[in-house]
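So the chains spell out like this:
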Amino acid sequence: MIKSTVDNLFTSIFCHETNSASLIIKFLLVLETEKLIPLFNISTNENNQSPIDAVVTNRQNEILLVRDIIQETQEKPNLPTLFFGSNFSINLAQGWRLGVVDNLKFSTFLIFTQEGLILENPEPYLSFLPHHRQEYYAQLSEKYSFIPWDYWQNITLKFAENKPECTLIVHHDKNHYLQINLSNNSNSEAEQIESQLPLIFCYFILKRFWRYVEEFRQKSFFIFNPHDFLYLDCDRLSYFVTNVLKNIDITEEDLDQLIRSC
């Protein structure tokens, strides 16, 4: 089981499971095989009466409802979300503040919605975007920033050469990019590898979702193809885990194919 002291997607959806790492890998295999993007329903509405209990932990160790954060930062707060998690290490590359700061490092939770990325501000009202793009791209509050996916050009996943660690990178251009890591304090190599699964999961999800980001750049209006998505609330998730994931046996060939697809 992934030993996490913070709140994230997997502590929410696999909270009663003793082998969540195995379930995450199986989940990824199903999504890759079926070419699906998961969407997690976290808000109660007329079509969803069993929302997933989605919470994150901020830098002050306060537990926050994801839906409240989305409500504060987005115009469409009730849409299902792609991912949420806590205790990420962020590095903003040089040039983000018009040369004022070369690199800015801080910890934050992350929420990936259908519209963009939400994270804690490293200081009140700090914008991550060049001044002339702020009004169009960023919706700011004193505590959080929301950056639409359209701001980014692409995403990559980079593996360290000498340790079991990876970095998720979202690029604007060669001087403006966001590096995302997960804190890893375990002495066990197996646990170190398991601790990176949330980032790997995010990469696979965003990689498949990115075609919609590109389509949005070209069109002012478009419709998601429902066949591209797997919609999950508590009830559907329970059925999915019990009747699908637990019946899958992972082979070395499956793992090799998953790694190659990175």
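Residues numbered from 1 in each chain as written. Predicted model: local features only at pLDDT ≥ 70, side-chain atom pairs only at ≥ 80, totals over all residues. Heavy atoms only, no water.

Draft legend 1. Representation of empty space enclosed by the protein. Per the counting criterion, the structure on display carries three cavities of 30 Å³ or more. Residue lining of the second largest cavity: Leu28, Leu31, Glu32, Leu36, Ile37, Phe204, Ile205 and Arg208, and that is the complete set. For the lining of the second largest cavity, the elements supplying multiple residues, two or more each, are helix H2 (20-34) and helix H6 (197-218). Among the residues forming the lining of the second largest cavity, the class breakdown is six nonpolar, no polar and two charged. (1 Å grid on protein atoms, 1.4 Å probe; cavity = no way out; pocket = protein on both sides within 12 Å on 5 of 7 lines; lining within 4 Å. Points joined across faces, edges and corners; volume = space filled by probe spheres on them. Helix = DSSP H or I, 4+ residues; strand = E, 2+ residues; numbered from the N terminus. Nonpolar A, V, L, I, M, F, W, Y, C, P; charged D, E, K, R; others polar.)

Draft legend 2. Spotlight on the confidence of the model for the protein. Summing up the model confidence of the protein, the mean pLDDT is 81 and the portion of residues at 70 or higher is 81%. Under a pLDDT of 50 for its full length, residues 1-5 has, in the predicted model, 12 contacts with residues more than four places off or in other chains. Scored below 50 in pLDDT, residues 130-138 shows 18 contacts in the model against residues more than four places distant or in partner chains. (pLDDT = per-residue confidence, 0-100. Contact = heavy atoms within 4.5 Å.)

Draft legend 3. Summary view of unusual backbone geometry. A positive phi is found at Lys35, a non-glycine position, where the angle reads about 55 degrees. Here Lys35 is to be found in the loop between H2 and strand S1 (37-40). Residue Lys35 is classed as exposed on the basis of its relative accessible area of 53%. Positive phi, close to 65 degrees, is recorded for Asn87, a residue that is not glycine. Relative to the helices and strands, Asn87 resides in strand S4 (residues 83-92). For Asn87, a relative accessible area of 34% gives the class partly exposed. (Buried < 20%, exposed > 50% of the residue type's maximum accessible area, 1.4 Å probe, protein only.)

Draft legend 4. The pattern of salt bridges, seen in detail. Taken as a whole and assessed by the stated rule, the structure comprises five salt bridges. Here Arg208 makes a salt bridge to Glu32, at a shortest N to O gap of 3.2 Å. Within this pair, whereas Arg208 is found in helix H6, its partner Glu32 is found in helix H2, the two being separated by 176 residues in sequence. Exposure remark for Arg208: the relative accessible area of 23% places this residue in the partly exposed category. Of the residues examined, Glu32 reaches a relative accessible area of 18% and is grouped as buried. Residues Glu165 and Lys163 are paired through a salt bridge, measuring 3.8 Å at the closest nitrogen-oxygen approach. For Lys163, a relative accessible area of 46% gives the class partly exposed. Through salt bridges with shared partners, a single network forms among Glu32, Lys207 and Arg208. (Salt bridge = Lys/Arg side-chain N within 4 Å of Asp/Glu carboxyl O.)

Draft legend 5. Here's a closer look at H2. Along its 15 residues, H2 runs 21 Å from first to last C-alpha, staying within 8% of the 21 Å computed at 1.5 Å per residue. The element H2 is extensively covered by neighbouring structure, given that 13 of its 15 residues are classed as buried. Lys35, located one to two residues past H2, shows a positive phi value of around 55 degrees. (Expected span 1.5 Å × (residues − 1).)

Draft legend 6. Looking closely at the pairing of strand S10 (residues 166-173). Counting buried residues in S10 gives seven out of eight residues, a clear majority hidden from the surface. Relative to strand S11 (residues 176-182), S10 runs antiparallel, the two sharing five bridges. Across the sheet, residue His171 finds its bridge partner in S11, namely Tyr177. Counting the residues that bridge the hairpin from S10 to S11 gives two residues. (Pairing = 2+ DSSP bridges.)

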